[in-house]
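One letter stands for each residue in the lines below.
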Amino acid sequence: MKKLIQLNLCYQLILNLILGSFGTLYASLPGKAADKIILKYNVLRESICISELSTLANTGEISYSLKAYLKMANKQPEDLRRILNQNMDVDPVFLSKVLRSFAGDFVLDEVGQVIHSPSRRANRESLRGALVTSALSDRNIRIIEILENYPTSEIHVEGDHLAKIYQKIDAIVSHIPHFSF
């Protein structure tokens, strides 16, 4: 039981580290950010502008194309908005340190299965940068910020697994105050 608790805490620490490193890396990259997301739900695949998701997250207004896609995917716009806006409080410096560890690499690789570049290359670095950048201004991260700060012009998101990743990230972030370097 003790090993299971330690493994869970280690896993959570790694995820937190991944989130931090991503922001630090992204801050050092040129001002390139994602323009569109290829959102996949089951067999459905749709290209969506980041600005459409940002509008949904910030105002609740939904574009016709996003509304049609969510209807085909049998998903509610309110559910997507809730996922996009979920907050995770995190110290960006600590996050950066954690994401540069072995555990951080593990977490980044897992998150990279859900949010990734088209080629799946440099996923760790891209995620690390997006996570840390998202945390820098207000010491919290929202999924929409990660998508907005992703340093490639296109992001692929496995929509069926997005909520699961948030839950994993949130579980890790909630344990950050208990760890120190």
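In this report, the structure presented in the accompanying data block is examined. (Residues numbered from 1 in each chain as written. Predicted model: local features only at pLDDT ≥ 70, side-chain atom pairs only at ≥ 80, totals over all residues. Heavy atoms only, no water.)

1. Some remarks on the nonpolar core
Alright, step 1. The biggest cluster of nonpolar side chains holds 37 residues, and the ones touching the most others in it are Leu53, Leu84, Leu147 and Ile155.
Alright, step 2. The greatest single-element share of this core, amounting to five residues, is contributed by helix α7 (residues 123-136).
Alright, step 3. The residues touching Ile155, leaving out its near neighbours within four places in the chain, are Ala34, Lys36, Ile37, Ile38, Ile50, Ile115, His116, Leu147 and Tyr150. (Core = buried A, V, L, I, M, F, W, Y, C linked by side-chain atoms within 4.5 Å. Buried < 20%, exposed > 50% of the residue type's maximum accessible area, 1.4 Å probe, protein only. Helix = DSSP H or I, 4+ residues; strand = E, 2+ residues; numbered from the N terminus. Contact = heavy atoms within 4.5 Å.)

2. Topic: unusual backbone geometry
What you tend to see is this: most non-glycine residues have negative phi, and most peptide bonds are trans.
Alright, step 1. A positive phi is found at Arg120, a non-glycine position, where the angle reads about 65°.
Alright, step 2. Of note, Arg120 is situated in the loop between β4 (115-116) and α7.
Alright, step 3. The exposure class assigned to Arg120 is partly exposed, which follows from its relative accessible area of 41%.

3. A few points about the packing of helix α5 (residues 92-99) against α7
Alright, step 1. Relative orientation of the contacting elements α5 and α7 amounts to 170°, with a least axis distance of 9 Å. By the angle class used here, α5 and α7 are roughly antiparallel. The element α5 and its partner α7 pack so that their crossing is right-handed. The segment α5 lies against α7, with Pro92, Leu95, Ser96 and Leu99 engaging Arg128, Leu131, Val132, Ala135 and Leu136.
Alright, step 2. Class assignment for the residues of the contact of α5 with α7 results in seven nonpolar, one polar and one charged. (Axes fitted to C-alpha atoms, helices over the stretch in contact; angles between N-to-C directions. Parallel < 35°, antiparallel > 145°, perpendicular 65-115°, else oblique. Left-handed = near helix turned anticlockwise from the far one by under 90°. Nonpolar A, V, L, I, M, F, W, Y, C, P; charged D, E, K, R; others polar.)

4. A few points about helix α6 (residues 102-111)
Think of an α-helix as 3.6 residues a turn; residues three or four steps apart then line up on the same face.
Alright, step 1. Inspection of α6 places Ala103, Gly104, Val107, Leu108 and Val111 among the buried residues, and these make up the whole buried set. Looking straight down α6, one finds that the buried residues subtend no more than 135° of arc, so they occupy a single side.
Alright, step 2. N-capping of α6 is provided by Ser101, with a side-chain oxygen placed 3.3 Å from the backbone N of Ala103. (Arc of directions from axis to C-beta. Polar contact = N/O pair within 3.5 Å; in protein donor to acceptor, adjacent residues only side chain to side chain.)

5. Some words on the environment of Val111
Alright, step 1. Mapped onto the elements of the fold, Val111 is located in helix α6.
Alright, step 2. Under the relative-accessibility criterion, Val111 is labelled buried at 4%.
Alright, step 3. Separated by 12 residues in sequence, Val111 and Asn123 place their C-alpha atoms 9.0 Å apart.

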